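Observations on the model geometry
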Amino acid sequence: MPDFNYSDTDWRSIERLKKWYSGDVHDSMEHLGLWGYLEGVSLLGALDPGDVVCGPAVTVLFEPSDRKGEPQDVYHNAIDNTPEGGILVCDASCADGSCSGELMSTGAKTRGAAATIVNGTVRDLAQVRALGYPLFGTSASPVGVTGKKEPKKSQVPIKIGKVTVRPGDIIFGDIDGVVAIPKERLRDVADSADELGKNEAAARDRILAGEKLQSVWPA
């Protein structure tokens, strides 16, 4: 059975990261020699201006399948076992079809999930936005998954672009995109983001006070 034990999640560092935005977070990762940008995945659901999502990953892997009848048990189980504040991360890029829409988002939000990230298309965006749920995907499509693919594994490493996301790795998302942080480097990234954010805030204050950009940069 998949392990959904998230008792060792460093929620304090997650809360520290929530003060920043994805540009700060990824700059901080690059400063540490890391790369976490989930290329091609963007916000398609609802997120208030300036808000971010950040939490531990619950992973789901889809594979091609010609089975009919919406065989979604693996995905449903992952949603039902997502810890409060967790983020579902699905690799559904193996075939056409949107694995997440109104019902999956409703189930995830009811369970207390912070967001769903899909490497693939998503649908029912009007309903998802009315729900107020942060759903991320590569694009919108009304096409369903039945007869094309199904979720086969959960709580396994999945690869999105250059990045491998493992269960428990930290996902950060906002209007600019999604970043994955290796769980064991979370505190390092949070420390770096705090320092970068402090420097950028000081630079912004100097610019607003009338200093020229060339005298302020680099921050």
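Analysis parameters
- Throughout, a residue's number is its position along its own chain's written sequence, starting from 1.
- For this predicted model, a pLDDT threshold of at least 70 governs which residues receive local features, and a threshold of 80 or more governs which side-chain atom pairs are given and counted, while totals over whole chains, interfaces and linings are taken from all residues.
- Excluding hydrogens and water, the side-chain values take into account all heavy atoms of the structure.
- Aromatic pairs are defined between Phe, Tyr and Trp rings, using the six-membered ring for Trp, whenever the two ring centres lie within 6.5 Å; interplanar angles under 30 degrees are classed as stacked, those over 60 as edge-to-face, and all others as tilted.
- We call a charge positioned over a ring when the NZ of a Lys or the CZ of an Arg lies within 6 Å of the ring centre and within 35 degrees of the ring normal.
- Only protein chains enter the accessibility calculation, which uses a 1.4 Å probe. A residue is then buried if its area is under 20% of the maximum for its type, exposed if over 50%, and partly exposed in between.
- Each helix corresponds to a stretch of at least 4 residues labelled H or I by DSSP, and each strand to a stretch of at least 2 residues labelled E; elements are numbered beginning at the N terminus.
- Paired strands, as defined in this entry, are two strands with at least two bridges between them according to DSSP.
- Inter-axis angles, ranging from 0 to 180 degrees, are taken between N-to-C directions of lines fitted to C-alpha atoms, where helices are fitted over the stretch in contact.
- By definition, any crossing whose near helix is turned counterclockwise from its far helix by less than a right angle is left-handed, and any crossing with a clockwise turn is right-handed.
- Contacts: residue pairs with any heavy atoms within 4.5 Å of one another.
- Under the scheme applied here, ten amino acids are nonpolar (Ala, Val, Leu, Ile, Met, Phe, Trp, Tyr, Cys and Pro), four are charged (Asp, Glu, Lys and Arg), and all others, including Gly, are polar.
- By definition, a salt bridge exists where a carboxyl oxygen of Asp or Glu is found within 4 Å of a side-chain nitrogen of Lys or Arg.
- Under this definition, polar contacts are N or O atom pairs within 3.5 Å; protein pairs additionally need one hydrogen-donor-capable and one acceptor-capable atom, and for neighbouring residues in sequence, both atoms have to be side-chain atoms.
- Note that the term roughly parallel is reserved for angles under 35 degrees, roughly antiparallel for angles over 145, roughly perpendicular for angles of 65 to 115, and oblique for everything else.

All chains considered together, the criterion is met by one aromatic pair. The ring of tryptophan 35 has lysine 162 sitting right over it, with the charged end atom 4.7 Å from the ring centre.

Taken across its five residues, strand 12 (residues 177-181) has five buried, putting it largely inside the fold. Residues of strand 12 alternate between two faces, with Gly177, Val179 and Ile181 on one and Val178 and Ala180 on the opposite face, all of them buried. Sheet analysis places strand 11 (residues 170-174) next to strand 12, joined by five bridges and oriented antiparallel. Following the sheet pairing, aspartate 174 is matched in strand 12 by glycine 177. A loop of two residues connects strand 11 with strand 12, the two strands running antiparallel in sequence.

Where helix 2 (residues 22-31) contacts helix 6 (residues 186-208), the two axes come as close as 8 Å, and the packing angle between them is 120°. As helix 2 packs across helix 6, the resulting crossing turns out to be right-handed. Along its contact with helix 2, which presents Asp24, Val25, Asp27, Ser28, Met29 and His31, the element helix 6 presents Val189, Ser192, Ala193, Leu196 and Glu200. Classifying every residue of the contact of helix 2 with helix 6 by side-chain character gives five nonpolar, three polar and three charged.

What follows deals with the pattern of salt bridges. Across all of its chains, the model carries 12 salt bridges by this definition. Here lysine 183 makes a salt bridge to aspartate 8, at a shortest N to O gap of 2.7 Å. You can see lysine 183 sitting in the loop between strand 12 and helix 6 and its partner aspartate 8 sitting in the segment before helix 1 (11-17), a full 175 residues away along the chain. The closest approach of N and O atoms between arginine 16 and aspartate 191, which form a salt bridge, is 2.5 Å.

Turning our attention to the side chain of threonine 121. Considering the arrangement of structural elements, one finds threonine 121 in strand 5 (residues 121-122). A residue is classified by how much of its surface remains accessible, and threonine 121, at 18% relative accessible area, is buried. Reaching out from threonine 121, the side chain makes a polar contact with the backbone oxygen of glycine 97 at a distance of 3.3 Å. Polar side-chain contacts of threonine 121 include one of 2.8 Å to the side chain of serine 98. With residues near it in sequence (within four places) discarded, threonine 121 still touches Gly97, Ser98, Cys99, Thr138, Ser139, Ala140 and Ser141.

The next thing to look at is the environment of phenylalanine 4. In this structure, phenylalanine 4 sits in the segment before helix 1. Residue classification places phenylalanine 4 among the buried positions, given a relative accessible area of 18%. Each residue touching phenylalanine 4, except ones within four places of it in the same chain, is listed here: Val58, Asn77, Ala78, Asn81, Ser154 and Gln155.

Let's shift gears to the side chain of asparagine 119. Within the element layout of this structure, asparagine 119 appears in strand 4 (residues 115-119). A distance of 3.1 Å separates the side chain of asparagine 119 from the side chain of aspartate 91, its partner in a polar contact. Contacts of asparagine 119, omitting those with residues within four sequence positions, involve Val41, Cys90, Asp91, Ala92, Ser93, Thr138, Lys159 and Ile160.

A positive phi angle, near 60°, is found at aspartate 124, a position not held by glycine. Considering the arrangement of structural elements, one finds aspartate 124 in the loop between strand 5 and helix 5 (125-131). Its identity is not glycine, yet glutamine 155 carries a phi of approximately 60°, on the positive side. Positionally, glutamine 155 belongs in the loop between strand 8 (149-154) and strand 9 (158-160). Take glutamine 155: its relative accessible area is 13%, and that puts it in the buried class.

To continue, consider the packing of helix 3 (residues 73-80) against helix 4 (residues 102-111). One way to put it is that helix 3 packs onto helix 4 with a least axis distance of 9 Å and a crossing angle of 30°. With respect to each other, helix 3 and helix 4 are oriented roughly parallel. Where helix 3 abuts helix 4, its residues Tyr75, His76, Ile79 and Asp80 lie against Met104, Gly107, Ala108 and Arg111. For the contact of helix 3 with helix 4, the residue count by class is four nonpolar, two polar and two charged.

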